[in-house]
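Architecture at a glance
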Amino acid sequence: MRYATRTGNVASAATDCLVVARRAATDVAAALGVEEQVRLVLEGTKGRVGGVARVYLPSPPSRLLIIGADAKDDANGSLADFRRDMTAAAGALANLDVRHATVCLDDFDAGGKPGADADITYRKARIALAAVAHATYRFSAYKSKKPSPAKLRQVAVLSRRRAATRRAVAHAQALDDGLAFAKDLGNQPPNVCNPSFVAREARKLGRGNSNVTVSVIDEPKMAELGMGAFLSVTRGSATPAKMIIVHVSQGKRGDQPIVLVGKGITFDTGGINLKPGSGMEEMKFDMCGAAAVLGAAKAAIASELPVNLIAIAAAAENMPGSRASRPSDIVTTMSGQTVEILNTDAEGRLVLCDALTYAERFKPASVIDVATLTGAQVVALGSHASALYANDDDLADAVADAGDAAGDRVWRMPLWDDYQKVLDSTFADIRNVGAGRAAGSIVAACFLSRFTKAFPWVHLDVAGTAYVAGRGSSGRPLPALFEYLLKAASASG
């Protein structure tokens, strides 16, 4: 999808479809000379947040989408209401027979005076275009008969705030590129998307850009580095593991980098602790953390964000086999700490702990890891929010604020020492699981925290948010990550 900005009045907008606020529909109709058609539609429909009324016209624009509540009910509009309006509008656009649409942004209220505040205009434009990105995404690479794609090819934002909308469009375009990359990776079948495939896709990020380098650590190098935990996960697989590192050097020389680490289990059978068969097909999504951090790197590159960024994808398959790790095996991590593997299905923390230790060498300003780590996160928060754990309050607040701004919410969970004792092992330094099912997401985060003493760290457990059953990868928490990077770039100035 391509995005653009427009200025001028609504009557001069060259477009197939206008998206207008219901509160301003009568004025728009007068400007276009279609008062009667719009009056009949307004009288025949009821305005509400997230409501869509369609008007078909004989000449361009051939469609009007009238969105939202009536003016009397829209006096206290909020960004949350606007997000619902734009989600509905984008869904309608994706199914219309139009190639170009224009959103009349200034007439939508979203808290504050419509069209008067540049920051609100920027935020509204980002929300509108993010909704379009999600609504128009399709993955049909393996259909023998391709379904009809959305005909929409370009969406423009019409606003008097030219600078704000241009900035919003640039950022929205970059995020769209990153989301498409991440969703495509997540939706690939596991017989295609193995660690080697992830590495090949990641290498594409560095093509033709001197500020981007991509390196891959293979299993022999992992053994040399002492990554016994990472290697324990891949033992049962015929496909070798890869640790992929994307270096993006677009910030000031010498500035400490932000490091993003993603769990990339391209298929998770559970290993010797085999998962139940029901729902196992969803375990191809166990690499969505890696997809998100690579997508964030792509978005940062596309937007030329002035940040130094390192994205690490810890990619492996967790398979049963004659060489697979057994419950009660003990391995030595890159940090030197030993781990007793009591459940081979708690494998994500084993690849992540070595990846986090490796990240220490970059002397990072902050580290955020992303993982579909525990079913307990889904029990706790469902699909609405990712779980956030942190060893640094300022970083936790920054990531949470970014999630709120992007509509990609997170919820901070406790990381108290009280939970640590269940990880104490009789035979090694750490168990890889607790003594029971209680507080499973917290205990997993406690395990990771033992490898993050050297830097500010946030862990995002996205098991409930990274994909939607039956529909595929959501790309989350990429919007929150990109928003965090935008704010970090702005702060470094």
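These notes cover the structure that comes with them. (Residues numbered from 1 in each chain as written. Predicted model: local features only at pLDDT ≥ 70, side-chain atom pairs only at ≥ 80, totals over all residues. Heavy atoms only, no water.)

**What about helix H6 (residues 195–203)?**
Those residues of H6 that fall on the buried side of the exposure criterion are Pro-195, Phe-197, Val-198, Ala-199, Glu-201 and Ala-202. Considering only its buried residues, H6 is in contact with helix H5 (162–187), strand S7 (212–217), strand S8 (242–249), strand S9 (258–268), helix H9 (288–302) and strand S10 (308–318). Two to three positions downstream of the cap, the backbone nitrogen of Ser-196 sits 3.1 Å from a side-chain oxygen, assigning the N-cap of H6 to Asn-194. (Buried < 20%, exposed > 50% of the residue type's maximum accessible area, 1.4 Å probe, protein only. Helix = DSSP H or I, 4+ residues; strand = E, 2+ residues; numbered from the N terminus. Contact = heavy atoms within 4.5 Å. Polar contact = N/O pair within 3.5 Å; in protein donor to acceptor, adjacent residues only side chain to side chain.)

**Focus on the layout of surface pockets**
The space that makes up the second largest pocket amounts to roughly 300 Å³. As for the second largest pocket, its lining consists of 17 residues, and the residues nearest its centre are Ile-258, Ala-365, Tyr-484, Ala-488 and Ser-492. In terms of residue count, the dominant contributor to the lining of the second largest pocket is helix H14 (residues 478–492) (five residues). Looking at the lining of the second largest pocket residue by residue, the classes come out as nine nonpolar, five polar and three charged. (1 Å grid on protein atoms, 1.4 Å probe; cavity = no way out; pocket = protein on both sides within 12 Å on 5 of 7 lines; lining within 4 Å. Points joined across faces, edges and corners; volume = space filled by probe spheres on them. Nonpolar A, V, L, I, M, F, W, Y, C, P; charged D, E, K, R; others polar.)

**Observations regarding the sheet that holds strand S14 (residues 386–390)**
With respect to topology, eight strands assemble into an open sheet ordered S7-S8-S10-S9-S13-S17-S14-S15, the strand pairing being mixed. Of all the strands in the sheet, just S7 and strand S15 (410–412) have a single pairing partner and so form its edges. On average, adjacent strands in this sheet sit at an angle of 20° to one another, irrespective of strand direction. Both S14 and S15 contribute to a ladder of three bridges, which runs parallel. Among the inter-strand pairings, Ser-386 is bridged to a residue of S15, identified as Val-410. Its contacts with the sheet put H9 on S7, S8, S9, S10 and strand S13 (366–371), and the angle it makes with S9 is roughly 140°. In this fold helix H13 (residues 440–449) packs onto S13, S14 and strand S17 (457–461), with an angle of close to 145° to the strand it touches most, S17. (Pairing = 2+ DSSP bridges. Axes fitted to C-alpha atoms, helices over the stretch in contact; angles between N-to-C directions.)

Just geometry here; none of it tells us what the structure is for.
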